[in-house]
Amino acid sequence: MKVACVGGGPASLYFSILMKRVDPAHDITVYERNPAGSTYGWGVTYWDELFGYLHDVDPESAREISASSARWDSWVVHLHERATVTVGHGDKGFGISRRRLLAILAERAESLGVRVEYEREIAGEEDVADADLDVAGDGVNSRLRERHAEHFGTEVMVGRNPYMWLGTTKVLDSFTFAFVETEHGWIWCYGYPYSEEHSTFIVECGPDTWRGLGLDTANEADGLAHLEKLFAEVLDGQPLIGRTQADGGPHWLHFRTLTNRTWHRGNLVLLGDSAHTTHYSIGAGTALALGDAAFLVDALHADADLETALAGYERERMTAIRPSQRAARRSAQWYEHVPRYVDRPPREMIALLNQRHSGLLPHVPPRLYYWAGSTAAAVSGLGARLFRRG
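A short tour of the structure in this document, coming up. Sequence order as written defines the numbering, with residues in each chain counted from 1. Selection of residues for local features in this predicted model requires a pLDDT of at least 70, selection of side-chain atom pairs for listing and counting requires 80 or more, and totals for whole chains, interfaces and linings are taken over all residues. Side-chain numbers here rest on the full set of heavy atoms in the structure, without hydrogens or water.

It is worth spelling out the packing of aromatic side chains at this point. Only the six-membered ring of Trp is used, alongside the rings of Phe and Tyr, when aromatic pairs are assigned; centres must lie within 6.5 Å, and planes under 30 degrees apart are stacked while those over 60 apart are edge-to-face, with the rest tilted. Counted according to the given criterion, the structure contains 22 aromatic pairs. With centroids separated by 4.8 Å and ring planes inclined at 5 degrees, the aromatic side chains of Tyr 46 and Phe 94 adopt a geometry described as stacked. Here the residue Tyr 46 occupies a position in strand β3 (residues 43-47), and Phe 94 occupies one in strand β5 (residues 83-97), the gap between them amounting to 48 residues. In this scheme, a residue with accessible area under 20% of its type's maximum is buried, one over 50% is exposed, and one in between is partly exposed, where area comes from a 1.4 Å probe on protein chains only. Look at Tyr 46 and you get buried, because its relative accessible area is 3%. For Phe 94, a relative accessible area of 4% translates into the label buried. Relative to Tyr 280, the ring of Phe 255 has its centre 5.8 Å away and its plane inclined at 75 degrees; by these criteria the two rings are edge-to-face. One end of the pair, Phe 255, is in strand β13 (residues 253-259); the other, Tyr 280, is in the loop between β15 (268-270) and α10 (285-302), with 25 residues separating them in the sequence. Of the residues examined, Tyr 280 reaches a relative accessible area of 13% and is grouped as buried. Both a distance and an angle decide whether a charge sits over a ring: NZ of Lys or CZ of Arg must be within 6 Å of the ring centre and within 35 degrees of the ring normal. Cation over ring: Arg 317 sits above Phe 295, and NZ or CZ is 4.8 Å from the ring centre. Only DSSP runs of H or I covering at least 4 residues are called helices, and only runs of E covering at least 2 are called strands; the numbering of each starts at the N terminus.

The structure is reproduced here in structure tokens:
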């Protein structure tokens, strides 16, 4: 099969690796519009479960990813002038530089015979007309998808809260949350290490707080200086690093949750963020993109008929990611209503933070939800003790 992958992100590169592993005869080219190594973003996260899967399907790239990753097995939650709490977490977390991840995947793909062409703009299917399969892995702003947006049934829901994706030279020990109260409302961060030199640092707040602090009009230097003061306890004197826009302004965004009614059209199929996005607060974007790649490879080799294979991929993968999509929507909504939870006692607030994926929590008073959960846990523990005694 001759395959054209448009977009050089993790989804396209991993798809090309898995396709070549299944059948080295596949003729695959990955087209990336930007120069090699020019990716945006800082670090990305993944978890134990994903690493185990990566090692099973392609041990070579998994070993390189592991060797380049930072690790943590706990959360630290800073509650403004009230408490700093370390919470053990069942799953081990990993962070890796997005640039390093892409370099590992590109090198592995090329070693298997995949052609990776940088600075190649693909405007439409006509630019790769000789391919049997066109894979649109060109992200949330996919040009291939947008040309047929009506067919795909593309919908975008824009989040309420502004956020900014930053880096810092403060190497965090754990996945870190910090909630800071200001005279204009609450502002918070999520941070995690991704190398021996850097951590990712995402700042978010409500729109009234954003405007009240002047972050909506501040230039990048002034905005970062203000954020460094607000999060001084976490940063320990280390600077924040931004990504300046062409006009010199800071890169504040509103998260765009993208969905599509269908993921394929003829020989064109959507992969990763071009098909769906999930809010960054659940840390699942990279895992879902790599999972898309694996599902598509399995579907293509399970059925020789392309239309049947793509329909099977779409049906099975849409079903598989639905729980993550629900969790992401609920997590985003939790953060859009932080004042509802953050004033609770520290232990209670952290429990509610951990339960932000719950569909019931928004409809129950936080204190009642916490009390019910604590009571259920106590009853469950008592039952287990009685059972053991019996």
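By this definition, two strands are paired if DSSP reports at least two bridges between them. What the six strands build is an open sheet, ordered β6-β2-β1-β7-β15-β14; its pairing is mixed. Among the strands making up the open sheet, the edge pair consists of β6 (115-118) and β14 (264-265). Across four bridges, strand β2 (residues 27-32) lies against β6 in parallel orientation. Residue pairing across strands places Val 30 opposite Val 116, the latter belonging to β6. Here, residues are in contact when the closest pair of their heavy atoms is within 4.5 Å. In this description, a line fitted to the C-alpha atoms serves as the axis of each element, helices being fitted only across the stretch in contact, and the angle between N-to-C directions of two axes falls anywhere from 0 to 180 degrees. Where helix α1 (residues 10-22) meets the sheet, it contacts β1 (2-6), β2, β6 and β7 (133-136), and its direction lies at approximately 170 degrees from that of β2.

Turning next to the pattern of salt bridges. As a working rule, side chains carrying opposite charge can pair if their charged atoms are close by. The salt bridge definition used is simple: a Lys or Arg side-chain nitrogen within 4 Å of an Asp or Glu carboxyl oxygen. Under the criterion given, the structure shown has 19 salt bridges. Linking Lys 2 and Asp 130 is a salt bridge whose minimum nitrogen-to-oxygen distance equals 3.7 Å. Here Lys 2 is found in strand β1, whereas its partner Asp 130 is found in the loop between β6 and β7, with 128 residues between them in sequence. We note a salt bridge from Arg 265 to Glu 125, for which the minimum N-O separation is 3.9 Å. Of this pair, Arg 265 sits in strand β14 while Glu 125 sits in the loop between β6 and β7, placing them 140 residues apart in sequence. The class for Arg 265 is partly exposed, based on a relative accessible area of 34%. Taken together, the shared-partner salt bridges connect Lys 2, Asp 27, Arg 115 and Asp 130 into one network.

What follows is about the environment of Asp 303. By the secondary structure assignment, Asp 303 is in the loop between α10 and α11 (306-336). Asp 303 sits in the partly exposed class, given a relative accessible area of 30%. Separated by 168 residues in sequence, Asp 303 and Val 135 place their C-alpha atoms 17 Å apart. In contact with Asp 303, not counting residues within four places along its chain, are Thr 308 and Ala 309.

Interhelical geometry of helix α3 (residues 59-67) versus helix α4 (residues 98-111) gives an angle of 155 degrees and a closest axis separation of 10 Å. When the axis of α3 is compared with that of α4, the two are roughly antiparallel. Note that α3 runs across α4; the crossing there is right-handed. Together, Glu 60, Ser 61, Glu 64 and Ile 65 of α3 and Arg 100, Leu 101, Ile 104, Leu 105 and Arg 108 of α4 make up the contact between the two elements. Of the residues contributing to the contact of α3 with α4, the split by class is four nonpolar, one polar and four charged. Here roughly perpendicular refers to angles of 65 to 115 degrees, roughly parallel to angles under 35, roughly antiparallel to angles over 145, and oblique to all remaining angles. In this scheme the handedness of a crossing depends on how the near helix is turned from the far one: anticlockwise by less than a right angle means left-handed, clockwise means right-handed. When residues are sorted by character, Ala, Val, Leu, Ile, Met, Phe, Trp, Tyr, Cys and Pro go into the nonpolar class, Asp, Glu, Lys and Arg into the charged class, and all the rest, Gly among them, into the polar class.

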